[in-house]
Amino acid sequence: MTERAHAAHAEGETGVWSGSWVAERLGVELAGDEALTGLLGLALRRNPKRAHLLVSNVLGKHVPQSPSVVHGHGVALGRRVRELLGAEAAEGAVVLGYAETATGLGHSVADGLGSAPYLHSTRRAVAGVARAGGFEESHSHATSHLLLPQDPALLAGDGPLVLVDDEFSTGNTVLNTIRALHERYPRKRYVVVALVDMRSPADAGRLDAFAGEIGARVDLVTTASGTVRLPPGVLEKGQELVARYEAPPVDPTTEPTSEARTERTTEATSEPASGPTGGSRGAASPGSVERVDLRWPHDVPDGGRHGFTAADRDRLESALPGMAARIADALPARARRVLVLGFEELMYAPLRLAQALEQAVGGDVDVRYSTTTRSPVLAVDDPGYAIRTRLVFPAHDDPADGPGERYAYNVAGAGFDAVIAVVDSAADTPVLHAPDGLAARLAAHVPHVLLAVVPSYVPPASPASPAPQAPERPPMLPEPLRGPAFSSYAPDEVGWLLQDLSDVTLEAPTEEREEAIQSGGAHYAESLPVEYQPSEQYQELFHAALDSSAARLARAVGAVTEVVLTERSPRPVLVSLARAGTPVGVLMRRWARFRHGLDLPHYAVSIVRGRGIDANALRWLADHHDPADVVFVDGWTGKGAITRELAAALRDFEASDGVTGFDPEIAVLADPGSCVRTYGTRDDFLIPSACLNSTVSGLISRTVLRADLVGPHDFHGAKFYRELAGADLSPAFLDAVSARFPDVTESVDAHVKELLSADRTPTWEGWAAVERISEEYGIHDVNLVKPGVGETTRVMLRRVPWKVLARAGAGADLDHVRLLAEQRGVPVEEVADLPYTCVGLIHPQYTRGATGADGKAVTL
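Residues numbered from 1 in each chain as written. Predicted model: local features only at pLDDT ≥ 70, side-chain atom pairs only at ≥ 80, totals over all residues. Heavy atoms only, no water.

On to the overall build of the chain. Secondary structure assignment for the chain yields 25 helices and 33 strands. The buried share among the 860 residues of the chain stands at 60%. Accessible surface, the chain: about 32,100 Å² in total, of which carbon and sulfur atoms supply 50%. (Helix = DSSP H or I, 4+ residues; strand = E, 2+ residues; numbered from the N terminus. Buried < 20%, exposed > 50% of the residue type's maximum accessible area, 1.4 Å probe, protein only. Areas by Shrake-Rupley, 256 points an atom, 1.4 Å probe, with all protein chains shown as cover.)

Structure (C-alpha cells):
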C-alpha cells in the first residue's frame, strides 16, 4: 500500500465507509440522513458506557481534512442560526462551544453568525481568572468543564445563547449546561448547534419538555440527523474487540505487508516509518524539528477560552495572510502533502492558519488539518475503520487534571511531507521536546516538523477600564476532582468535592494522634493515621471475605438502590460521605445502570464529627443540582452519630444560606444500629471495604479539616496515595460485587418488596446499646465505643484499641478482627446478647504510657 493510498483510506476517500469494520463486527447501524456516512465513521474505545465512537470526517479532530471543509461546515451552521434568529436577535447572541472537541467548530459557527462574541469551556484552570461557571460531562473520558470569560457579562446578557457541540447524542450535556446557566443568568432563547443529531427516539422529545420546564425557547440546528442502532450485548462485544486488538506496538523495521496489517491494532512508535513517496526510510534518521516564528499579534487571543470578540476576529483576519506566508516559506521545497496539527482545545487558531496556508500555496500543496486529543481510541489498520494509526505521547501543558497520555490519530503513515505543529506557549514545555514527546513522535514518521507557538492569552489582572460585571454571585468553587488525577476510580464513577492535599505531610503515629485527640489538643480530622499496610495473611482474609460475601453485598446494593429509586427520586444524585460511603455510592451507581440503564451523577463529600458536612460542597451541589434529588450515601451505621451530625449540619446550612430541599436521611448498605429508614440490610456483617483503608477506597485518605489548609471558600481536603497503586484493591472490590448483580436480581426484587411494605422506622437500638456499654465498662464517653464490624475494624486500623467485644458464636465475619487483635495484643471478649456482631472500644484516658514496650495497647 502506498503512503498516498494509505492516507486516502484514513480519510474515507476510497469509497469504503470508515465505519464498516465496526458495523460488521458489532452490528452497529447508522440510520437517518444519507449524508451521515459521509460525515461519520466508527471506531472503538475502552469505555464502560459506550463501546463505539462516532468519528467525524469534517470536524478536524481525529481525521485530517481540508481546513476549508472544516471551517466551511461551521460557518454554514452559523449562517443557518442567523437565519433562524433574524438579524436583530443575532446581533445580541453569544456563542458557547464545548472543550475540547468543539472549540474550533463553535468558533466557526460564531464566524458564520456574524459579530457574535465567542467563548468556549476549558479544562485548563488559569491562575487569576475567576470562574463564571462550570459543568460536568458524565459520558466523557475527561468530564470537568470550566467557564473563564474575561468579561463575566458575556454570560449575563439576555440575548440568545448558542451552544455548539460536535454531536447531539443524548442531549444530557447541553441540557445540563443550559439548566445551570439559566438558574444564574436566565434568558429567553437558546439555540443548540451540532454537526449531527444522533438522539435516540427516547431522547428526541426531551428538548421541548425541557424548554417548557425552564420557560424558554430552545431550538436545534444540525447538518444531519439519525440514530445509532445498537444490538443487545454490544457493550460487551465492543470491550472484547478492544481487548483482542490492543497489542504491543508494531515494529516498523519489520513492517508486514498491507494484507498482514489488516485487522490489527496500529500504534505508531517513535521509530522511523515509511517516507513521503511510498519508499521506506528504514533506519534513516528521524525528521528535523524546527521552529517557525508566526509573529502572532500580541492583541489577538489564541482562542475563545476567555472570550473572542468581533474586534479580535478582525485583527486575526488581517494577520493571517502574513503568518501563512511565513509558514509557506519555512516548508521544504518538495513538500506536496502538509498537515497543520492543532493542540487539544487550541483548534481555531491552527484551523485558520491551515486555511490561510491552503490559500497561499494554491493547488500545489495538499493542506490538511487535525488536532491532538485526550480521547483514547483503538487504532486498527483497515480501510473500513476510522482510526488507522495513533501516536501516543505525554501531556505537555501541565493540565489541571494531572498528567496522562495524549494522542494524534491518522498522522503516522499518512504520507505527509511536513507537519506544522501549532501549540500555545503554555504547552511549549520540556515535555513537548522530550524523547517520548510529541515533537519526537512526529519526527519519527514525518521528514519535516515545524513548531509554531501561539502566545497563550491571559486576561490582565487589573484592566484599566473594568469590564461590566455580571450580577453578584458567591465565589466560584472548583469542579470535582476525578481519577486518574485524584483516586484510582474511573472518572465517571465519582467526582470528589474535595481539595487535593497529597503534597502535605499529615500523617502522625497512631499513639500521638490518640493522645492529642483525647486530651482535647487536636481534632481527629486535623491529621491522618499512618496507612496500615496489611500482612499477607490479612490480605488473604480480605480476599476470602470478598469471595464469600460478594453476592450478599450485591443483594444489599441492589436493595438500597431500588428503595432510593422508588421512594426518594427516579433520578437521584448520589452523594457519598467520604470515604466509607464512596465504594457503596459507586456500586449503587453501577446497579442503577445495570438494572435501569440510568447514568446517575455521583459525588463524594466530607463530613466531620463535631464540625458538620462541608458547606462549600453543599453550595456546589445546590448550584448544579436540585437539592431534593440529592441522596446522601454511607457504608453502614454504627450508633448513628453521623446520621445526627448530618441532620444538624443541614439545619445550620438552611439557616445560613437559605437553601432548602436537602434530605438528611442517609441511605446505607447496612444499618445494624437501626438509625435510618433507607438501607439494604440491618444485618451486622463484614463489608470487605471496611477491612482496609485507602487501598479499597480509591487510594484516598480520610478527609481533613484544618484551618491552615482549608479556607472559608475551600472544600475539605484529602490525600491521594499514588504510591500505593501496587497494593490497590479498589477496582477488584467493585468488580467482584457488581459481577454478582445478575445472580441476585430475583432475590433483590423479593427483598425490596419486603422492605417497602415493612415498618422501617429507626429504633436507635444501637445508640442505646452504646450508652449501656460505655457505662458498664467505665468508659463514660460514647465516642470511644465503636459498634459494628465496620467501626470495630476502623478502631483496629486507625485508633488505639482497648478491647473488642464479640457476640458469642460470631463466625467468619470476625476472622479479620481477631487477626488484627492478635497482632496488636488486644483482648477479644465474647459477650452474650450483644446487639452487634462486635464492638470496638478505644483505649480510654489514653497516654503514650499506656502502651507496652512493643507499642501494643495494654489493658487497664
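Structurally, Val446 can be placed in the loop between α15 (438-443) and β18 (448-454). Considering only alpha carbons, one finds Val446 and Val419, 27 residues apart in sequence, at a separation of 7.1 Å.

A few words on the packing of aromatic side chains. Within a pair of aromatic rings, the relevant descriptors are the distance that separates the centres and the angle that separates the planes. Overall, the coordinates contain 13 aromatic pairs when judged by the stated rule. Summarising the aromatic geometry, the rings of Tyr407 and Tyr409 are spaced 5.9 Å apart at their centres and angled 10 degrees between planes, so their arrangement reads as stacked. Each member of the aromatic cluster is reached from another via a ring pair, and the members are Phe486, Tyr489, Trp496 and Phe720. Over the aromatic face of Trp802 sits the side chain of Lys803, whose NZ or CZ is 4.7 Å from the ring centroid. (Phe/Tyr/Trp six-rings, centres within 6.5 Å; stacked < 30°, edge-to-face > 60°. Lys NZ or Arg CZ within 6 Å of the ring centre and 35° of its normal.)

This part covers the pattern of salt bridges. Overall, the coordinates contain 40 salt bridges when judged by the stated rule. The closest approach of N and O atoms between Glu24 and Arg25, which form a salt bridge, is 3.7 Å. Each of Lys61, Glu100, Glu344, Arg374 and Arg406 takes part in salt bridges that share partners, so that together they form one network. (Salt bridge = Lys/Arg side-chain N within 4 Å of Asp/Glu carboxyl O.)

All right, on to helix α21 (residues 730-738) then. Of the positions making up α21, those classed as buried are Ser730, Phe733, Leu734, Val737 and Ser738. Projection of α21 onto a plane perpendicular to its axis shows the buried side chains occupying an angular sector of 115 degrees, all on one side. Close packing links the buried residues of α21 with α17 (536-567), α18 (581-596) and α22 (741-757). (Arc of directions from axis to C-beta. Contact = heavy atoms within 4.5 Å.)

This brings us to the packing of helix α4 (residues 67-85) against helix α14 (residues 348-361). For any two helices packed against each other, the geometry is given by the interaxial angle and the distance between the axes. Two elements in contact, α4 and α14, have axes whose closest approach is 8 Å; the angle formed by their N-to-C orientations is 125 degrees. As summarised for this structure, α4 and α14 are arranged oblique, according to the angle between their axes. Considering how the two elements wind past one another, α4 and α14 form a crossing that is left-handed. Residue-level contacts link Pro67, Ser68, Val70 and His71 of α4 to Tyr348, Leu351, Arg352, Ala354, Gln355 and Glu358 of α14. Residues of the contact of α4 with α14, tallied by class, amount to 5 nonpolar, 3 polar and 2 charged. (Axes fitted to C-alpha atoms, helices over the stretch in contact; angles between N-to-C directions. Parallel < 35°, antiparallel > 145°, perpendicular 65-115°, else oblique. Left-handed = near helix turned anticlockwise from the far one by under 90°. Nonpolar A, V, L, I, M, F, W, Y, C, P; charged D, E, K, R; others polar.)

On to the side chain of His396, then. Here His396 lies in the loop between β15 (390-394) and β16 (405-409). Residue classification places His396 among the buried residues on the basis of a relative accessible area of 2%. Those residues in contact with His396 that sit more than four places away from it in its chain are Phe343, Val423, Ala426, Ala427, Thr429, Val431, Leu432 and Leu438.

What follows concerns the confidence of the model for the chain. Put simply, the chain has an average pLDDT of 82, and 85% of its residues get 70 or more. Counting contacts from residues 137-143, a segment whose pLDDT is below 50, to residues more than four positions away or on other chains yields 25 contacts. Every residue in residues 462-474 is under pLDDT 50, and counting partners more than four places away or in other chains gives 16 contacts. (pLDDT = per-residue confidence, 0-100.)

Pairing is mixed across the open sheet formed by 4 strands, whose spatial order is β30-β33-β31-β32. The open sheet has two edge strands with one neighbour each: β30 (785-787) and β32 (828-831). Taking each pair of neighbouring strands and ignoring which way they run, the sheet shows an average axis angle of 20 degrees. As defined by bridge partners, strand β31 (residues 801-807) adjoins β32 across 4 bridges and the pair is classed as parallel. By the bridge assignment for β32, Arg807 is matched with Val831. (Pairing = 2+ DSSP bridges.)

Another point: the nonpolar core. Core analysis: the largest hydrophobic core is formed by 108 residues, its most contacted members being Leu44, Val162, Val193, Leu357, Tyr385, Ile420 and Leu442. For this core, the leading source of residues is α14, giving 8 residues. Ranked by size, the runner-up nonpolar core spans 103 residues in total, among them Ala554, Leu621, Leu650 and Val676. (Core = buried A, V, L, I, M, F, W, Y, C linked by side-chain atoms within 4.5 Å.)

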